[in-house]
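What follows is each chain in one-letter form.
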Amino acid sequence: MNTLLSIEKRNAVLLNMASLLHAERAGIIAANKNDLSAYDGNDLSMYDRLKVNEAKIDEMINAVTHLASQEDPVGVERFRFTHHNGMQVYNKTASFGTVLIIYESRPDVTVEAAGIAFKSGNKILLKGGKESVNSNLKIVDLWHKALDQEGASKDWVEYLQFDRTETQRFLEKPTQQVDLIVPRGGERLIAFVKEHAACPVIVSGRGNNFVYVHREADMDMALNIIVNAKTAKISACNALDKVLIDKNLPNREAFVRDLISNLKAYNVDILGDEAFAKYEGIDLIPTEAIWYEEFLDYKIVIGEIASNQDAIEKINTYSGGHSAAIITTNALEANLFMENVDVAAVYHNASTRFTDGGQLGLGGELAISTDKLHQRGPIGLQHLVTNKWYVHGEGQTR
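Residues numbered from 1 in each chain as written. Predicted model: local features only at pLDDT ≥ 70, side-chain atom pairs only at ≥ 80, totals over all residues. Heavy atoms only, no water.

Q: So, the overall build of the chain: which residues are in play, and what are the values?
A: Tallying secondary structure elements over the chain gives twelve helices and 16 strands in all. Compactness check: the chain gives a C-alpha radius of gyration of 23 Å against a globular reference of 21 Å for 398 residues, within 12% of the reference. Principal-axis analysis of the C-alpha atoms places the extent of the chain at approximately 75 × 60 × 35 Å. Taking all 398 residues of the chain together, 53% fall into the buried category. Sequence separation of at least 24 residues holds for 71% of the intrachain contacts in the chain that already meet a minimum separation of 6. Of the roughly 18,200 Å² of accessible surface on the chain, a fraction of 46% belongs to carbon and sulfur atoms. (Helix = DSSP H or I, 4+ residues; strand = E, 2+ residues; numbered from the N terminus. Rg over C-alpha atoms; globule rule 2.2 N^0.38 Å. Buried < 20%, exposed > 50% of the residue type's maximum accessible area, 1.4 Å probe, protein only. Contact = heavy atoms within 4.5 Å. Areas by Shrake-Rupley, 256 points an atom, 1.4 Å probe, with all protein chains shown as cover.)

See the structure below:
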C-alpha cells in the first residue's frame, strides 16, 4: 500500500496532468484514431463513447483541473465524542486503499476515474476494453509522467492489460490488495464482475430511464425535454428510453403527433403499446419485456398510463434504478412522484440527461451507482472514501 501523499502533492500531480493533456493533444487523438480504425463492431453507442476529439480533451483537462481545486476528501471529521472516561473519539474519512475500475470504450474514464481515485488517496487499477487500448495506454503514460514530475510512485495509477480469462483470474484471486471494484459498462460486464469478484462491488448499472407526462403537463416543455433526453447523447446511461403519457392529457392526440414528428426528425424508431401503435410512425411493441430494456440507440417506447400512482409502479417495476422525470405543473403530484419512484435521481420538469457528476455539482464522477450502498447516483470525489475511528486516551482500559 502506498503511503498517502500530502494534499499539496496530489494537487500538483493533477495540475501536471492537465498540462500534459494539453501538450499531448495530437498524440492522444492519433492514438485514438488507431483505436477507431481498429474497431470492427457495429455498436453505435460504444463507437460514440470511444471517440476522442478536441472537445473531449478539453473536458479531461477541466476535470483534473477542477479536482485540484477541490477540498481534500480524506481526514474530514464526521463525528466526535468525549467518553466519560476522558477518551477523545473521532470519526474521519479515509481512503479505501486500492480501487479497480473495469470499463468499456471510454478513454475519458482513464482520466476522470484515475483523477478522482488519486485525489481521494486511493491507488487505481484501470482495466479498459481492448477497443480503447491505444488511447488508454497513451493517457496512462501521461499519468506516470505527471506522478514522476512530483517524485511520486507510478504505482498510484496502474493499467491492467488483461484479456477476459486473465481478468476473471484476477477478480477471483487478486495478485495485489483490492478494496473496491467498480464495473462501468453493459449488463454482461456487470454480471461477469459480480459473479467473480472477491471483494465489494459498486454497480454502475443500466439506465432505461422514464419520463412521465402528467395530465397537467406543459406540453411544449414535455416535448422539449423528451427530445433532449432521447437524442442529445444516445450512448449515455442518462438518456431516455421510455415515455409514459397520461390517458387524460388534454389535446393528447396533437401532442403525440408533434412528438412523433420531432423524434422522426432525429431518425428515432418509435414503438408503442396498443394505445399508441395506431398512430402512423409508431410500431407495436413486440413483447412487454421491452419495458426492461436499455436501448443506447435511436429508439424509444411510448405507453399509456392511467395515473401518477400507476406511473410510479410501472417505473419501479421496469426501470434500471437510474433516473426518472415527471412533467407537470402540479407541485403536489410532482412531490408524490419524486418521493416514491425508486431511482437514484428524480426530476421535476427537467431532462434525465443531468444525472452526471459534473452537472450535479460534484465536478466529475467515478461512475453512477444504481446500488444503495455506499453511495447512490454519481460517485464523486467526496464519495470515494470510507471512514476510520481515531481514539485518543491516557491509559484507559475497559
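Here the narrative resumes.
Q: Before we move on, could you go through the pairing of strand β9 (residues 269-272) and cite the residues and values that matter?
A: A regular strand places its side chains so that they alternate between the two faces of the sheet. The pairing of β9 with strand β11 (residues 299-305) spans four bridges and is parallel. The residue bridging I270 from the neighbouring strand is I300, located in β11. Of the pairings in the sheet, the one linking β9 to strand β10 (residues 283-284) comprises two bridges and is parallel in character. Considered in β10, the bridge of L271 is made with D283. (Pairing = 2+ DSSP bridges.)

Q: How would you summarise the nonpolar core if you had to cite specific residues and measurements?
A: Judged by nonpolar contacts, the single largest core of 47 residues is most densely connected at M17, L21, I101, L126, W143 and L384. Among the elements that line this core, the one with the most residues is helix α5 (residues 107-119), at seven residues. By size, the runner-up hydrophobic cluster in this structure holds 30 residues, among which are L223, I225, F255 and I282. (Core = buried A, V, L, I, M, F, W, Y, C linked by side-chain atoms within 4.5 Å.)

Q: Please give an account of the pairing of strand β3 (residues 98-103) that cites residues and values.
A: Here β3 lies mainly inside the structure; six of its six residues are buried. Side-chain alternation along β3 places T98, L100 and I102 on one buried face and V99, I101 and Y103 on a second face that is also buried. One crossover worth recording links β3 to the parallel strand β4 (residues 123-127) by way of α5, and it is right-handed. Across five bridges, β3 lies against strand β6 (residues 180-184) in parallel orientation. Opposite I101, over in β6, you have V182 as the bridge partner. (Right-handed = clockwise from strand over helix to strand, strands pointing away.)

Q: Account for the pattern of salt bridges, naming residues and giving values.
A: Using the criterion set out here, one finds 15 salt bridges in the structure. One salt bridge in this structure joins E54 and R25, with 2.5 Å as the shortest N-O distance. Of this pair, E54 sits in helix α4 (residues 54-69) while R25 is found in helix α2 (residues 25-38), placing the two residues 29 residues apart along the sequence. What makes E54 partly exposed here is its relative accessible area of 42%. Under the relative-accessibility criterion, R25 is labelled buried at 15%. Between R252 and E304 there is a salt bridge, with its nearest N and O atoms 2.7 Å apart. Of this pair, R252 sits in helix α10 (residues 252-264) while E304 is found in strand β11, placing the two residues 52 residues apart along the sequence. According to the relative accessible area criterion, R252 is buried, its value standing at 14%. Judged by relative accessible area, E304 falls into the partly exposed class, the value being 30%. Shared partners join several salt bridges into a network, and the residues in it are R25, E54 and D58. (Salt bridge = Lys/Arg side-chain N within 4 Å of Asp/Glu carboxyl O.)

Q: Which residues make up the environment of L14, and what values go with them?
A: Counting through the fold element by element, L14 comes out in helix α1 (residues 7-23). Sequence-distant contacts of L14, that is, excluding residues within four places in its chain, are made with V64, L67, A68, G115, F118, K119 and W143.

Q: Summarise the side chain of D241; cite the residues concerned and give the values.
A: Secondary-structure assignment places D241 in strand β8 (residues 240-246). Assessed through its relative accessible area of 2%, D241 is described here as buried. One polar contact links D241 to K230, side chain to side chain, over a distance of 3.0 Å. (Polar contact = N/O pair within 3.5 Å; in protein donor to acceptor, adjacent residues only side chain to side chain.)

Q: Could you give an account of the packing of aromatic side chains, with specific residues and numbers?
A: This structure, assessed with the given rule, holds nine aromatic pairs. Between Y212 and F337 the ring centres are 6.2 Å apart and the planes differ by 25°, which places this aromatic pair in the stacked class. Taken together, the residues Y212 in strand β7 (residues 209-213) and F337 in helix α12 (residues 331-340) connect sequence positions 125 residues apart. Exposure class is identical for Y212 and F337. Each is buried. (Phe/Tyr/Trp six-rings, centres within 6.5 Å; stacked < 30°, edge-to-face > 60°.)

Q: Lay out helix α6 (residues 133-149) with the relevant residues and their values.
A: Between its first and last C-alpha, α6 extends 24 Å over 17 residues, near the 24 Å set by a 1.5 Å rise per residue. For α6, the complete set of buried residues consists of V133, S135, N136, I139, V140, L142, W143, A146 and L147. Where α6 ends, the next residue or the one after it, G151, has phi of about 70°, a positive value. (Expected span 1.5 Å × (residues − 1).)

Q: Got a sec to walk through a nonpolar patch on the surface? Specific residues and values, please.
A: A grouping of F79, F81, W389 and V391 is seen on the molecular surface, where their side chains present a nonpolar patch of about 420 Å² in accessible area. Position of F81 relative to the elements: it lies in strand β1 (residues 77-82). (Patch = residues over 30% accessible without salt bridge, like charges linked within 9 Å, V, L, I, M, F, W, Y side chains within 5 Å.)

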